[in-house]
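Residue-level structural notes
This is what each chain is made of:
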Amino acid sequence: DEDLLRRIEANDPNFDAVSIESEFIVELSYEQFDRFGHALANNTSINMIWLFVPETQENVDVTGWLCFLELIGGNRSITHFYYESASAAVKSLRVNSAMFLRRFFERNGALEFISLKIIDPDEAEAFASALASRETALESIRIDGANSIELLRLIFEKNPAAIPKQVRTRHIGNEGGEA
């Protein structure tokens, strides 16, 4: 929506969090994704972002969506990142979304906490690669989904120093735990 884009572009100090819902994503053209991505990349007021992968590729400009994800990798002020991949989402869209967020995880030194709700092993592999490439470990991570332990194992195998200081996992169907 135009008002949201204007507020992000203006770096409004009273606007410190944004939730990017599936319904919003399906309405954007490539040009709007590009504008939105650049606005978020350059914004220093927003420190929290919620990102929901669309449930379907139908009516989604996939190239624009992936460009948007890559562009937000330029943001250095986001400290809290929430990511949810819908079980109904097309697998290639889920996995590509995780891969295109790599730049964001690698370069954002301000990032302290992430919450991931992921579905399959390929998604876990993409996130593990991105998180393992960080120079400093996150303070905290929360992972919901059947592949939460697999993601942590992959990070540990790639770079043990990248394991966050606090880890919370929750498997589908049980309580999960904290390490």
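Residues numbered from 1 in each chain as written. Predicted model: local features only at pLDDT ≥ 70, side-chain atom pairs only at ≥ 80, totals over all residues. Heavy atoms only, no water.

A few words now on the overall build of the chain. Across its full length, the chain carries 8 helices and 7 strands. Relative to the 2.2 N^0.38 estimate, which gives 16 Å for 179 residues, the radius of gyration of the chain is 16 Å and therefore close to what a compact globule would have. Out of the 179 residues in the chain, the part that is buried amounts to 48%. Considering only intrachain contacts with a sequence separation of at least 6, the fraction spanning at least 24 residues in the chain is 78%. Accessible area of the chain: about 8,400 Å², with a carbon and sulfur share of 48%. (Helix = DSSP H or I, 4+ residues; strand = E, 2+ residues; numbered from the N terminus. Rg over C-alpha atoms; globule rule 2.2 N^0.38 Å. Buried < 20%, exposed > 50% of the residue type's maximum accessible area, 1.4 Å probe, protein only. Contact = heavy atoms within 4.5 Å. Areas by Shrake-Rupley, 256 points an atom, 1.4 Å probe, with all protein chains shown as cover.)

The next thing to look at is the pairing of strand β3 (residues 80-85). Residues of β3 alternate between two faces, with F81, Y83 and S85 buried on one and H80, Y82 and E84 left unburied on the opposite face. The pairing of strand β2 (residues 48-53) with β3 spans 6 bridges and is parallel. Counterpart to L51 in the pairing with β3 is Y83. The handedness of the β2 to β3 crossover, carried by helix α4 (residues 62-71), is right-handed. As defined by bridge partners, β3 adjoins strand β4 (residues 113-117) across 5 bridges and the pair is classed as parallel. Within β4, the position partnered with Y83 by the bridge is L116. (Pairing = 2+ DSSP bridges. Right-handed = clockwise from strand over helix to strand, strands pointing away.)

So, on to the confidence of the model for the chain. Should the pLDDT be low somewhere, the predicted coordinates at that spot are not to be read in detail. For the chain, the mean per-residue pLDDT works out to 84, and 92% of the residues sit at or above 70. Taken together, the stretch residues 173-179 has pLDDT below 50 and engages in 14 contacts with residues farther than four places along the chain or on a different chain. (pLDDT = per-residue confidence, 0-100.)

Let's shift gears to the side chain of S140. Along the chain, S140 falls in strand β5 (residues 140-144). Look at S140 and you get buried, because its relative accessible area is 12%. Side-chain polar atoms of S140 contact the side chain of Q166, separated by 3.5 Å. Sequence-distant contacts of S140, defined by excluding residues within four places in its chain, comprise E112, F113, I114, P164 and Q166. (Polar contact = N/O pair within 3.5 Å; in protein donor to acceptor, adjacent residues only side chain to side chain.)

Okay, the pattern of salt bridges next. One pass over the full model with this rule turns up 12 salt bridges. E139 is paired through a salt bridge with K165; the nearest N and O atoms lie 2.9 Å apart. One end of the pair, E139, is in the loop between α7 (121-132) and β5; the other, K165, is in the loop between α8 (148-158) and β6 (166-170), with 26 residues separating them in the sequence. Overlapping salt bridges bring together E2, R6, E9 and R35 as one network. (Salt bridge = Lys/Arg side-chain N within 4 Å of Asp/Glu carboxyl O.)

As for its placement among the helices and strands, S97 is situated in helix α5 (residues 91-100). Filtering out sequence-adjacent residues up to four positions away, S97 remains in contact with V53, W65, L66, L69 and Y83.

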